[in-house]
Amino acid sequence: VTLTTFNPNYFNSGFQLFKIKEIEVKNLKILEEKKVKILFYNELSDTNLLILNDNKIEKILKENELIDYIELKKIYPSKLEITVYEKKIIAIINYKKNTFYLTKNGEEIKFFKNGALKNLPNIFGKQKNFLDVYSALTQLAFPVSEIKSFYYFDIGRWDIVLKNNKVIKLPIKNFIVSLENFINLKKEISFEKYSIFDYRIKDQLILN
């Protein structure tokens, strides 16, 4: 039998001891470390490291759409290490004079200027079935970094404009076959001669 004496005053002093005095933020790719650190510091500084305030953390996450989730590591007696995982942004939506970022999961995030995102491709028009097109590009290992913009047409198809100004006009259906064909054509010597690769007519390619 083990007998333990409980002293409430000692317990409370423990809570006073483990106050957060230092916060380290890691793993940021897009957001500014200094600004994110200040946000966490304003909410959590001098709060208790033993029992973190979930409401305060949730408040920070809600105010920062780009944060997907975080991992917390308590380093006693007074340090909190925060590893931030940001959402993956794949394009910039331009539609009806509004601008948003688009994540790989189809979530729209309010646009803000950021140097790390300035080279993303732009989407003009609706983003209907855009994720299907983007998924096909990644599965085919298409160099997405070479894409300048995507243009959606109301009949349900897309044009892809590359940074070298070559245009791929995709059909409404079976656009994966067209993308595969374009990738193969890039290996041909005559590829550079053409600026427009028109796949809109079934089983045909019109070069211009």
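On a predicted model such as this, the values are computed, not experimentally measured, just so you know. (Residues numbered from 1 in each chain as written. Predicted model: local features only at pLDDT ≥ 70, side-chain atom pairs only at ≥ 80, totals over all residues. Heavy atoms only, no water.)

A few words on the packing of aromatic side chains. What the rule picks out here adds up to 14 aromatic pairs. Consider the rings of tyrosine 69 and tyrosine 85, whose centres lie 4.5 Å apart with planes at 15°: the pair is stacked. Of the two residues, tyrosine 69 sits in strand S2 (residues 67-75) while tyrosine 85 sits in strand S3 (residues 79-86), which places them 16 residues apart along the sequence. Tyrosine 69 sits in the partly exposed class, given a relative accessible area of 39%. Centroid distance phenylalanine 130 to tyrosine 134: 6.0 Å. Interplanar angle 35°. Geometry classified as tilted. Of this pair, phenylalanine 130 and tyrosine 134 both sit in helix H4 (residues 130-139), separated by 4 residues, roughly a single helical turn. In terms of burial, phenylalanine 130 and tyrosine 134 fall into one category: buried. Over the face of the ring belonging to phenylalanine 142 we find lysine 186, whose NZ or CZ atom lies 5.9 Å from the ring centre. (Phe/Tyr/Trp six-rings, centres within 6.5 Å; stacked < 30°, edge-to-face > 60°. Helix = DSSP H or I, 4+ residues; strand = E, 2+ residues; numbered from the N terminus. Buried < 20%, exposed > 50% of the residue type's maximum accessible area, 1.4 Å probe, protein only. Lys NZ or Arg CZ within 6 Å of the ring centre and 35° of its normal.)

A word on the pattern of salt bridges. Close approach of charged atoms allows side chains of opposite charge to pair. Under the definition given, this model contains 13 salt bridges. Measuring nitrogen to oxygen at the nearest pair gives 3.5 Å for the salt bridge that ties lysine 26 to glutamate 81. Linking lysine 26 in strand S1 (residues 22-26) with glutamate 81 in strand S3, this pair joins segments that are 55 residues apart in sequence. Across the pair aspartate 159 and lysine 169 runs a salt bridge, and its minimum N-O distance is 3.0 Å. (Salt bridge = Lys/Arg side-chain N within 4 Å of Asp/Glu carboxyl O.)

Honestly, it's all geometry; don't read function into it.
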